[in-house]
Every structure is written in structure tokens, then in C-alpha cells.
Amino acid sequence: MMLAFASPSCCSVHTSSTCHSLLRELEQIWKDIGETEADKNRMLSELERECLEVYRRKVEEAANTKACLHQSVATKEAEVATLMAALGELNINSLKQPEKKSASLKEQLALVTPLIDDLRVKKDERVKQFADVKTQIDKITSEISGYSNIINAVSSLNLEDHDLSLRNLSEYKSHLRALQKEKSERIQKVVDCVNEVHSLCGVLGLDFGKTVSDVHPSLHETSLGQSTNISVSALESLEQAIFRLKTERKVRYQKLKDVTGLLFELWTLMDTTREEKSKLSRITCVLRLSEAEVTEPGALSLEVIQQISTEVERLTKLKASRMKELVIKRRAELEDICYKNHIDPDPSTSADKSSAMIDSGLVDPCELLENIEAQINKAKDEALSRKDIMDKIDWWLFACEEENWLEDYNQDYRRYSGGRGAHINLKRAEQARIKVTKIPVVVNALINKTLAWEDEKQKLFLYDGVRLVSILEDYKVVRQQKEESKKRARDQKKLHNMLLAEKESAYGSKLSPRRRSSFRKSNGYHANGHGSVTPSPHRSSMSCATPELLTPRSNSVRHNGYFKEMTRLSTGPLNFVAMAKEDTVSFSSISGSDPESPLQA
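What counts as what
- Residues numbered from 1 in each chain as written.
- Predicted model: local features only at pLDDT ≥ 70, side-chain atom pairs only at ≥ 80, totals over all residues.
- Heavy atoms only, no water.
- Helix = DSSP H or I, 4+ residues; strand = E, 2+ residues; numbered from the N terminus.
- Buried < 20%, exposed > 50% of the residue type's maximum accessible area, 1.4 Å probe, protein only.
- Contact = heavy atoms within 4.5 Å.
- Areas by Shrake-Rupley, 256 points an atom, 1.4 Å probe, with all protein chains shown as cover.
- Core = buried A, V, L, I, M, F, W, Y, C linked by side-chain atoms within 4.5 Å.
- Arc of directions from axis to C-beta.
- Polar contact = N/O pair within 3.5 Å; in protein donor to acceptor, adjacent residues only side chain to side chain.
- Axes fitted to C-alpha atoms, helices over the stretch in contact; angles between N-to-C directions.
- Parallel < 35°, antiparallel > 145°, perpendicular 65-115°, else oblique.
- Left-handed = near helix turned anticlockwise from the far one by under 90°.
- Nonpolar A, V, L, I, M, F, W, Y, C, P; charged D, E, K, R; others polar.
- Salt bridge = Lys/Arg side-chain N within 4 Å of Asp/Glu carboxyl O.
- Phe/Tyr/Trp six-rings, centres within 6.5 Å; stacked < 30°, edge-to-face > 60°.
- Lys NZ or Arg CZ within 6 Å of the ring centre and 35° of its normal.
- Patch = residues over 30% accessible without salt bridge, like charges linked within 9 Å, V, L, I, M, F, W, Y side chains within 5 Å.
- Expected span 1.5 Å × (residues − 1).
- pLDDT = per-residue confidence, 0-100.
- Disulfide = S-S within 2.5 Å.

Counting its secondary structure elements, the protein contains 18 helices and 4 strands. Classification of the 601 residues of the protein by burial places 34% in the buried group. Of all intrachain contacts in the protein linking residues separated by at least 6 positions in sequence, the fraction that spans at least 24 positions is 74%. Carbon and sulfur atoms provide 55% of the accessible area of the protein, an area that totals close to 36700 Å².

As C-alpha cells, then:
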């Protein structure tokens, strides 16, 4: 047993000698003690068994260590394979060299450990690169999509750490570059849109900050950690805002154009001075540009339009005042034309009614003025068509006036005196007799011409509101009664003379006629100091036998009185023949020569 114990093949020489020395020392001790051989054998067996247990335990420990080392090597080799596969390394066969088979496990483990460390460092760097790229991708994607939350790039990469190859990293970087390009393009679009909004807000006088903040706050002021919104929705909102601003610009431009057009019309109408126009020249010059060319700040603001509107309103009120004056003036012209031609003007545009309508705003002064202008033209046309008849009426009225003068002249006992101016009155009397003889012919011709006019115009010929034919017919009746009165007066004169003659023959003396008092009646001519008279072509009143008739232009009031008197003929008695005057002289014969009528029929 000692040989088996003392000669283990695995012990070194030094260890073997030491064991033999100790065994000999132990046998000596046992011998000195006096141990029996059986005890010695028993104790040697126990010692051998204990040695075997120690060897067995050491073997087991060594086996376990080997297994652990083998497992470590396998694990590290697998990790190396995984890392190299993830990193896309192709030199995985570098570990399968021939010396690997002869190397111990510790040597193998020593060989693979640095490689794993290098691969782990490379992986960490690669993960960091992926994380940076993915973070940028996610950030740009969120900006483009409009989402504010950014996905954790590292956590997303953990799901994809099996592919950390350069090829995959290159794809990520390519995607990042595409997103960066798209972001740059969108940023440029956003900047262009924001600049356009800023320009439009400046032209319209709007608050730029509020306008873009309504689209997205980041478009006006970007705070720390907040990026500019370049999402599709932000671009659409900006485009909608630009469309609204352009629409508002178009509306305001058209409104300014309309209001300025009214302003130009009022300037022309009111003869506005250049100094007053220059106050608004900066505003009115906008109309020289097209809508898209208007870029001056505040050019289309509400304040500018209100300023122009206020000026237009002021000038409109001033225009209304002047138009009122012009309407009244033109109405006066209309009434003057109607007055001269004895036409009744349209009462709907009388001065009082026109003034009231303008003040109430019920009618546009321009329309009213156009209406009056139309009435003036109509009155002028009618006056032109009535001219021939009016000329004959003037001649008739003047002849009637001369007839009245002649009657007064014939009653003046001093008419044949040889005083100064008597020959003038005699000449006028002769001309008046000629005119008087033509009156009936002229009146008949005037009636026929008036009836022809009425047939042509299909309306009545009115003279100061009364039908002229009726006036002339009434005049003929009055003239007939006047002639009959004259005849009765002559008969009474003859009878009176006969009675005087009888008295003279009976008493043998001649009655001297009573001297008349001076003829002081205003009869159209004036007595001078020598008893002569100076003729006057106009009379202030008519004689008892003839209505008051004067020239229609200068003495229209008396004409109106005559024609008003004529309108009462149908209801009142015809009392235009006066009683015989005191000391009436004989009426002169009116049967003078009958030349042609002075008026063409």
C-alpha cells in the first residue's frame, strides 16, 4: 500500500520525496508508540482513503472549472458571432485558426475576450450613431407630421439591434438626408408664406403677430425647445390665411377704388383746388397700381378707407347743398320760361317741394336736376311750337291796348290843338285805327291756328291755365257787345243833338257847350304845357269798353288779370261796356283802309 501511495504518476519528484519522508516519519512515530501492524494498516488505509477523496474533489473541481471555461469560451464566441453579425463584420472565421485547437481553454478565453471588448465598444459607438440619426429622423418626422412628442431613439433601436451594420446606418442616414431636404423645403415654404402674410398684413394694416399666432404660435415666436411648425396642416393653414388676406385685399382695393372714383367725381364737380387734392394724393395714387402691386404699408387699411369715405361724405353733403341751390336755380329758370310763354310749370318740382325732397333724402338731387332739365327742354320745345301763336297773341294784345288808347284819345277835346307833339299823337291815332280794323281778322286767324295746333299736338293750348280758344271766343262776344254799346251810344248822341236843335229853334238861342275840365285821366299819353300830348305805347289800365290788355312780356300781370276775367264770363254777366261818359264826344269812324294783316297766317 505504501508503494501505491508513494508513487503517484501525477506528483512531481519533490512532492514524492516529501511524502516518503513524512511516511517514514509517521512509521517511526507509530513504532515508537508501539502501534500494532493492524492499527498501522488501518490508519494507512484511512490515510489512503482521505488522499483519494482529496484527489477526487480536486478532479471534480478541475472538471467544473474546465466546463465553466468551456462555457465561457462558447458564450464569448457566440457573443462575438452575434456582435459581428449585428455589426456586419465578415471576419468571423478568424477565430477558427489551426492553433486554436491546440490552445487551452484559458488561452482561448484570453484570445476572445479582447475581441469581445472591441466589438462591444464598436457596438456602443454604432448604437450611438444610430441613436443620433434616429433621433434626428424622429424629430424631423414629428415636425413634418405636426406631432410634438419625439420617440426615444434608443428604445426603438433595442428592437432593431440585430442590424447595426454600416449598410443599415447608411440607409438611415440617407433617409435622414431626405427628411432634412424636405424640412428645408418646408421651412422655405413656411418662411415664404409667413413673409407674404407679413406683407399682406402690412398693406391691410392688420396685426401680423396675432394673424400668424392664430395659425400656430411657433410661426411668430419660437421659444426654447420649440421648433417651427412645418407640418402639412400648418402650411395649409398659412395658405388659407394668405387666401383670406388676399380676398380681403381685393375687397378693400375695390372699395377704395369705388370710393376714390366717387371722390374724383366730386372733385371734378366741386372744382376742388390742387392744394386740397394734394392732401389725399398719397392715398389716391394707389389706384395707379394694380391690386398685386400695392405693397405700401397701410395703403389698404381701414383707416385709409375711412378717411376717403369721410371726405366723400363731406363733399357729398356739400354737393347736396350746392345741388339744392342749382335745383332751385334751374327751377327758377323753368318757371321763368313758363312765365314768359304763359305755360303752367310742373308742380311736382316746385321750389318748396324740391327743397323738402332734397332735405328729406327721398330723392337724389342729380335725378331731380335731370328731371327739371328735362322739363326745361320740354318747356323750350313747347315754347318753340307756340311761338307763332304767341306772336299773334302779342300783336292782338298790343292792338287791344292801342284800341283803348284810341278811345281815350278820341274823347280828348284837345286832340286837335296845335300844341307841341300833337302831330305825333295824330300819327299814332291813325296807326291805331289801322290796327283796330285788323283785330277781328287776327282773332279769327288766331283761333284757327290754335285749333290746328291742338289737332297736331293732341292737347289743348292753354294760356296761363285757360284754354286760348275759349278766351278768344269770349273776347269776340265781348267785342260784339262793345260794338253794340257803341252803336247805342251813337244813337243816343244823335237823339241828344236832335233835342238840342229843337230847343235852339224854339228859343232862338244856342246853348254853349259846357267846358270840359282838363283831361287828366292816365290814358297813355301826357299833356304838355301847350295842351299837346305825347303818346306812350303802354297803358296802365283799360277803358270801360275794352278789357285791360297789354303786352304779355312786360305787362304780363295785367294780361293775367284780363284772362282771369275771361274765365268768369261763363258764370258772370258780360259787363265790359261802360256807360256813356259825361260830355262824350262823337266816336270816330274806324273804317279806315284795310291793308294786309301784319302777321302771316
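Next up on the list: the nonpolar core. Counting 55 residues, the largest nonpolar core has Val-197, Leu-256, Leu-300 and Ile-308 as its most contacted members. At the level of secondary structure, the elements contributing two or more residues to this core comprise α3 (37-87), α5 (105-145), α7 (166-204), α8 (208-215), α9 (232-270) and α12 (302-340). Ranked by the residues each element gives to this core, the list is headed by α7, at 12 residues. Among the nonpolar cores identified, the runner-up in size contains 21 residues, and Ile-447, Leu-468, Ile-471 and Tyr-475 belong to it.

Next up on the list: α8. Of the positions making up α8, those classed as buried are Phe-208, Gly-209, Thr-211, Val-212 and Val-215. Viewed end-on, α8 has its buried residues packed into an arc of 165 degrees, placing them on one side of the element. Exposed and oriented more than 90 degrees from the buried face of α8 are Lys-210 and Asp-214. Against α7 and α9 lie the buried residues of α8. One side-chain oxygen of the residue at the start of α8 lies 3.2 Å from the amide nitrogen of Gly-209, identifying that residue as Asp-207.

Where α9 contacts α12, the two axes come as close as 9 Å, and the packing angle between them is 30 degrees. With respect to their mutual orientation, α9 and α12 come out roughly parallel. The handedness of the crossing between α9 and α12 is left-handed. Judged by residue contacts, Arg-252, Lys-255, Leu-256, Val-259, Thr-260, Leu-262, Leu-263, Leu-266, Trp-267, Leu-269 and Met-270 of α9 engage Leu-302, Val-304, Ile-305, Ile-308, Ser-309, Glu-311, Val-312, Leu-315, Thr-316, Leu-318, Lys-319 and Arg-322 from α12. In terms of residue class, the contact of α9 with α12 is built from 15 nonpolar, 3 polar and 5 charged.

For the coordinates displayed, the defined rule picks out 28 salt bridges. Here Lys-58 and Glu-61 are joined by a salt bridge, their closest N and O atoms 4.0 Å apart. One end of the pair is Lys-58 and the other is Glu-61, both in helix α3 and 3 residues apart, which spans about a single turn. With relative accessibility at 38%, the residue Glu-61 sits in the partly exposed group. Of the charged contacts in the structure, one is a salt bridge between Glu-311 and Arg-314, with a shortest N-O distance of 2.7 Å. Remark: Arg-314 and Glu-311 occur in helix α12; sequence separation between them is 3 residues, near one turn of the helix. By sharing partners, the salt bridges in this structure join Glu-403, Glu-407, Arg-479, Lys-482 and Lys-486 into a single network.

Where two aromatic rings form a pair, the distance of their centres and the angle of their planes describe that pair. This structure, assessed with the given rule, holds 5 aromatic pairs. Between the aromatic rings of Phe-264 and Trp-267, the centroid separation amounts to 5.6 Å while the plane-to-plane angle is 45 degrees, which identifies the pairing as tilted. In this pair, Phe-264 and Trp-267 are both assigned in helix α9, 3 residues apart and thus about one turn of the helix distant. A relative accessible area of 35% places Phe-264 in the partly exposed class. Overall, Trp-267 belongs to the buried group, its relative accessible area being 6%. Look at Trp-453 and Phe-461: their rings are 4.9 Å apart centre to centre, the planes differ by 80 degrees, and that puts the pair in the edge-to-face class. An identical accessibility class is assigned to Trp-453 and Phe-461; each is buried. For the cation-ring pair, Arg-386 lies above Phe-461, with the distance from its terminal atom to the ring centre recorded as 4.0 Å. Positioned above the aromatic ring of Trp-405, the side-chain terminus of Arg-428 is 4.1 Å from the ring centre.

A word on a nonpolar patch on the surface. On the surface, Leu-495, Met-498 and Leu-499 cluster together into a nonpolar patch covering about 290 Å² of accessible area. Assignment of secondary structure puts Leu-495 in helix α17 (residues 468-507).

Another aspect to go through is helix α15 (residues 387-410). The end-to-end C-alpha distance of α15 is 34 Å, a good match for the 34 Å that 24 residues give at a rise of 1.5 Å each. In terms of burial, α15 is a largely internal element, 20 of the 24 residues being buried.

Taken over all residues, the pLDDT of the protein has a mean of 75, while the share at 70 or more is 75%. The weakest mean pLDDT in the protein belongs to strand β4 (residues 533-535) at 33; the strongest belongs to strand β2 (residues 466-467) at 91. Scored below 50 in pLDDT, residues 149-156 makes 11 contacts in the model with residues more than four places away or belonging to other chains. Scored below 50 in pLDDT, residues 564-601 shows 62 contacts in the model against residues more than four places distant or in partner chains.

With the rule as written, the count across this model stands at 0 disulfides. Take Cys-51: it sits in no disulfide, and the sulfur closest to it among the cysteines is that of Cys-19, at 7.4 Å.

Now for the environment of Asp-344. Mapped onto the elements, Asp-344 comes out in the loop between α12 and α13 (351-360). Spatially, the C-alpha atoms of Asp-344 and Ala-379 are 9.6 Å apart, while their sequence positions differ by 35 residues. Contacts of Asp-344, omitting those with residues within four sequence positions, involve Asp-464 and Gly-465. Among the polar contacts made by the side chain of Asp-344, one reaches the main-chain amide nitrogen of Gly-465 at a distance of 3.4 Å.

Turning our attention to unusual backbone geometry. Phi at Gln-458 is positive, roughly 60 degrees, even though this residue is not glycine. Along the polypeptide, Gln-458 turns up in the loop between α16 (422-457) and β1 (462-463). Note on Gln-458: relative accessible area 67%, which makes it exposed. Located in the positive-phi region is Asp-464, a residue other than glycine, with phi close to 55 degrees. The topology assignment puts Asp-464 in the loop between β1 and β2. Residue classification places Asp-464 among the partly exposed residues on the basis of a relative accessible area of 27%.

With respect to the element layout, Ile-187 can be found in helix α7. For Ile-187, a relative accessible area of 35% translates into the label partly exposed. A C-alpha to C-alpha distance of 9.6 Å links Ile-187 and Ser-231, two positions 44 residues apart in sequence.

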